[in-house]
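As a plain string of letters, each chain reads:
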Amino acid sequence: MKNIVSLKWLLARMYESDVVIVDCRFQLGKPESGREAYNESHIPGAVYLDLEKDLSSAITEHGGRHPLPDIAELTGTLSRAGIGNDSRVIAYDDQGGAMASRLWWLLKYLGHEQVFVLDEGFTAWKNAGFPVSADQKILIPSPFFATVQHNMLVEVDEVQEKLGKAGVTLIDSREGARYRGEVEPIDRVAGHIPGAINRFWAEGRGADGQWKSAEEQAVRFEGLAQDGETIVYCGSGVTACPNVLALQEAGFTNVRLYAGSWSDWISYEGNPIAVGDE
């Protein structure tokens, strides 16, 4: 797998000088819980980055619930965390890889290739008897220069323009009931973007909590054109990221994130909404 590393892989390399381990644990609705969990225990040497404080910008009228961070601010955050252009970054969480995948995507978007998500996550690491620590690493800043990959991102106007166009696949990453508009626990409007198909992000992992192989990911996205344009969204641009990663593993070459996602889409009055199955 190109973007996922195993617990044992990290155990063997965790003290190498170019490795930066990032704890991304975060629970929606309990914004302090991730930092608290990190303070209690984490993989030795890991730094903590917070989904809402570090990996998102402030909420405004548009842009969704987790707007992308300002590029200059994000590169500053990464530099202060000791992430430089030559760092190998391994991100982990305890949320099935959703939060770690957000950091993975952001680093890829900034042109950083050497970034990976840790398979299974922190609890599995601890349960395997691997070392944990409450000590916080002294951070030595490292210069990080971004080369923004604009082709990885799509904004609302482009999604509007591409609705129903041949050769474009729109994937909604939320669970089926939210996609169909039967329930909506977070956003003020239920439903999905017309024409989108549903591939629940959490199905990228098996019952054992491990990420599925490239072949198994390909089965999830069977029938979709690997070289066609694929646009992925979710509720706020976070859980779409593990689907972007899964699509890349499955061999898809033109995968873009609609970062504002459903929460951005419904912030525009005239945008059409669909319910039920497509």
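Look up: the structure comes first, before these words.
Quick caveat, the model's predicted, so the values are computed rather than measured.

Student: Please explain the sheet that holds strand β2 (residues 19-23) as it appears in this structure.
Tutor: Consider a sheet: its strands pair through backbone hydrogen bonds, and that pairing is either parallel or antiparallel. Spatially, five strands are ordered β1-β5-β4-β2-β3 in an open sheet, and the strand pairing comes out parallel. Each of the sheet's edge strands pairs with one partner strand only, and the pair in question is β1 (4-5) and β3 (47-48). In the sheet, β2 pairs with β3 via two bridges, with the strands oriented parallel. When the bridges of β3 are listed, Val-22 appears paired with Val-47. Along the sheet face, helix α4 (residues 98-109) touches β2, β4 (88-92) and β5 (115-118) and points at about 175 degrees away from the line of β5.

Student: Before we go on, may I ask you to explain the packing of aromatic side chains in this structure?
Tutor: Two measures describe an aromatic ring pair: the distance that separates the ring centres and the angle between the ring planes. For the coordinates displayed, the defined rule picks out seven aromatic pairs. Ring centres 6.1 Å apart and planes at 50 degrees place the aromatic pair Trp-9 and Phe-116 in the tilted group. One end of the pair, Trp-9, is in helix α1 (residues 7-13); the other, Phe-116, is in strand β5, and 107 residues separate them in sequence. Given the relative accessible area of 22%, Trp-9 is considered partly exposed. According to the relative accessible area criterion, Phe-116 is buried, its value standing at 13%. Ring geometry for Tyr-38 and Tyr-48: centres 5.5 Å apart, planes at 35 degrees, overall tilted. In this pair, Tyr-38 sits in helix α2 (residues 33-40) while Tyr-48 sits in strand β3, placing the two residues ten residues apart along the sequence. Here Tyr-38 falls in the buried class, since its relative accessible area comes to 3%. Above the ring of Phe-122, the side-chain terminus of Arg-25 is found at 4.1 Å from the ring centroid.

Student: Even after reading the chapter, I still don't get the sheet that holds strand β9 (residues 229-233), so can you show me in this structure?
Tutor: Strand order in the open sheet formed by five strands is β6-β10-β9-β7-β8, with parallel pairing between adjacent strands. One side of each edge strand has no neighbouring strand; the edge strands of this open sheet are β6 (153-154) and β8 (197-198).

Student: Sorry, what's going on with the pairing of strand β10 (residues 255-258) here?
Tutor: Regular strands show a simple pattern: their side chains alternate between the two faces of the sheet. Because side chains alternate across β10, one face comprises the buried residues Val-255 and Leu-257, and the other comprises Arg-256 and Tyr-258, equally buried. Where β9 lies against β10, three bridges are found, and the strand directions are parallel. Residue pairing in the sheet places Thr-230 in a bridge with Val-255 of β10. Between the parallel elements β9 and β10, the chain passes through helix α9 (residues 240-249) in a crossover that is right-handed.

Student: Help me out: how do you make sense of α9 in this one?
Tutor: One turn of the α-helix equals 3.6 residues, which is why residues spaced by three or four share an orientation. Counting buried positions along α9 gives nine out of ten residues, so the element sits mostly inside the fold. Residues of α9 that are buried include every one of Ala-240, Cys-241, Pro-242, Asn-243, Val-244, Leu-245, Ala-246, Leu-247 and Glu-249, and no others. Looking one or two residues past α9, Gly-251 carries a phi angle of roughly 100 degrees, positive in sign.

Definitions and cut-offs
- Residues numbered from 1 in each chain as written.
- Predicted model: local features only at pLDDT ≥ 70, side-chain atom pairs only at ≥ 80, totals over all residues.
- Heavy atoms only, no water.
- Pairing = 2+ DSSP bridges.
- Helix = DSSP H or I, 4+ residues; strand = E, 2+ residues; numbered from the N terminus.
- Contact = heavy atoms within 4.5 Å.
- Axes fitted to C-alpha atoms, helices over the stretch in contact; angles between N-to-C directions.
- Phe/Tyr/Trp six-rings, centres within 6.5 Å; stacked < 30°, edge-to-face > 60°.
- Buried < 20%, exposed > 50% of the residue type's maximum accessible area, 1.4 Å probe, protein only.
- Lys NZ or Arg CZ within 6 Å of the ring centre and 35° of its normal.
- Right-handed = clockwise from strand over helix to strand, strands pointing away.

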